[in-house]
Amino acid sequence: MKVSMLDLARTHEPIYDQVMEAVGSVVQRNAFILGDEVSELEQRIATYSQCRYGIGVSSGSDALLVALMALDIGPGDEVITSPFSFFASAGCITRLGATPVFVDIDPVTFNLNPALLEAEITPRTRAIIPAHLYGQMADMPTIMEIADRHGLYVIEDGAQAIGAEHGNGSRVGSMGALGCLSFHPTKNLGGFGDGGMVLT
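Values in this document were obtained by computation on a predicted structure and should not be read as measured data.

Caption draft 1: Quick look at the layout of surface pockets. Computed from the structure, the largest pocket encloses a volume of approximately 1500 Å³. Along its surface, the largest pocket is lined by 38 residues, and Leu 41, Phe 183, Gly 190, Gly 191 and Phe 192 are the ones closest to its centre. Elements with a contribution of two residues or more to the lining of the largest pocket: helix H1 (8-12), helix H2 (16-29), helix H3 (36-48), strand S1 (54-57) and strand S7 (196-199). By volume, the second largest pocket amounts to about 230 Å³. Of all the secondary-structure elements, those providing two or more residues to the lining of the second largest pocket are helix H4 (60-70), helix H5 (88-95) and strand S6 (178-182). Of the residues belonging to the lining of the second largest pocket, the class tally is 8 nonpolar, 9 polar and 3 charged.

What follows is the structure, given as structure tokens:
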């Protein structure tokens, strides 16, 4: 028996007519690049995520890349991240010539373990990228306290956790300097094809 990894048809079948109506509207207006729908999505996702701005990009990987570029991360810099994540978390760091530094996960939450974080900070450390996994946030208050004490940026990798909330009520993307989302069809909020967003 062949078992599919993911049955995307089951996810869009109940809303098929609504989706096709929305797609049809875009097609009729020839509004294929940017347009009102993108602006509305940026605003609605930012508001939902408790952020002021949402900037649509082509993928979750590009969201991470754009966030690192906005902070001028490059050769000679170190960025701390989790080894337990999609390869883009580290790949975007190396793509800019910086060095990823891995901090192990908490075996209970599978998120970056803040108890191990401070030992990996060096004078070359510029940022921390915690990856929020399985709909739960990393321990952001502790991570932010450590980052603030050392003058580091925090980029939240929320590709697999849009809408997740910390116990203090803060949502993914709202606590760090920047938050990154993915709308890949397999993610929590999937689209037709790839897409992503930077929150700030």
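Back to the write-up after that little detour.
Caption draft 2: Quick peek at unusual backbone geometry. Not every positive phi belongs to a glycine, and Gln 50 is a case in point at roughly 65 degrees. Within the secondary structure, Gln 50 is located in the loop between H3 and S1. Positive phi, normally seen in glycine, also occurs at Asp 72, with a value near 60 degrees. If you trace the backbone, Asp 72 turns up in the loop between H4 and strand S2 (78-81).

Caption draft 3: Examining the side chain of His 132 more closely. Summarising the element assignment, His 132 is placed in the loop between strand S4 (125-129) and helix H6 (140-150). Of note is the side chain of His 132, whose polar atom sits 2.8 Å from the side chain of Glu 156. Setting aside residues no more than four positions away along its own chain, His 132 makes contact with Asn 111, Met 137, Ala 138, Met 140, Glu 156, Asp 157, Gly 158, Gln 160, Ala 161 and Val 172.

Caption draft 4: Just H6, in detail. Within the sequence span of H6, burial applies to Met 140, Ile 143, Met 144, Ile 146 and Ala 147. The buried residues of H6 occupy an angular sector of 165 degrees when projected down its axis, which confines them to one face. Packed against the buried residues of H6 are S4 and strand S5 (153-157).

Caption draft 5: Main features of the pattern of salt bridges. In this structure the tally under the stated criterion is 7 salt bridges. One salt bridge connects Glu 37 with Arg 29, and the closest N-O pair in it is separated by 2.1 Å. Taking the relative accessible area as the measure of exposure, Glu 37 reaches 32% and is therefore partly exposed. Here Arg 29 falls in the partly exposed class, since its relative accessible area comes to 40%. When salt bridges with common partners are traced through the structure, they connect Glu 118, Glu 145 and Arg 149 into a single cluster.

Caption draft 6: Focus on a nonpolar patch on the surface. Nonpolar side chains collect at one region of the surface, where Tyr 16, Met 20, Val 23, Val 27, Phe 32, Ile 33, Leu 34 and Phe 192 lie side by side and expose about 870 Å² of accessible area between them. Mapped onto the elements of the fold, Phe 192 is located in the loop between S6 and S7.

Caption draft 7: Here's a closer look at the sheet that holds S6. Reading across from one edge, S1-S7-S6-S5-S4-S2-S3 is the order of the 7 strands in this open sheet, with mixed pairing throughout. What marks the edges here is a single partner per strand, and that holds for S1 and strand S3 (99-102). Each strand axis lies, on average, 25 degrees off the axis of its neighbour in the sheet, ignoring direction. Across 4 bridges, the pairing between S2 and S3 is parallel. Bridge assignment links Ile 80 to a residue of S3, and that residue is Val 101. In the packing of H3 onto the sheet, the strands contacted are S1, S6 and S7, and the crossing angle to S7 comes to about 55 degrees. Across the sheet, H4 lies against S1, S2, S4, S5, S6 and S7, angled at about 165 degrees from S6, the strand it touches most.

The rules we used
Residues numbered from 1 in each chain as written. Predicted model: local features only at pLDDT ≥ 70, side-chain atom pairs only at ≥ 80, totals over all residues. Heavy atoms only, no water. 1 Å grid on protein atoms, 1.4 Å probe; cavity = no way out; pocket = protein on both sides within 12 Å on 5 of 7 lines; lining within 4 Å. Points joined across faces, edges and corners; volume = space filled by probe spheres on them. Helix = DSSP H or I, 4+ residues; strand = E, 2+ residues; numbered from the N terminus. Nonpolar A, V, L, I, M, F, W, Y, C, P; charged D, E, K, R; others polar. Polar contact = N/O pair within 3.5 Å; in protein donor to acceptor, adjacent residues only side chain to side chain. Contact = heavy atoms within 4.5 Å. Buried < 20%, exposed > 50% of the residue type's maximum accessible area, 1.4 Å probe, protein only. Arc of directions from axis to C-beta. Salt bridge = Lys/Arg side-chain N within 4 Å of Asp/Glu carboxyl O. Patch = residues over 30% accessible without salt bridge, like charges linked within 9 Å, V, L, I, M, F, W, Y side chains within 5 Å. Areas by Shrake-Rupley, 256 points an atom, 1.4 Å probe, with all protein chains shown as cover. Pairing = 2+ DSSP bridges. Axes fitted to C-alpha atoms, helices over the stretch in contact; angles between N-to-C directions.

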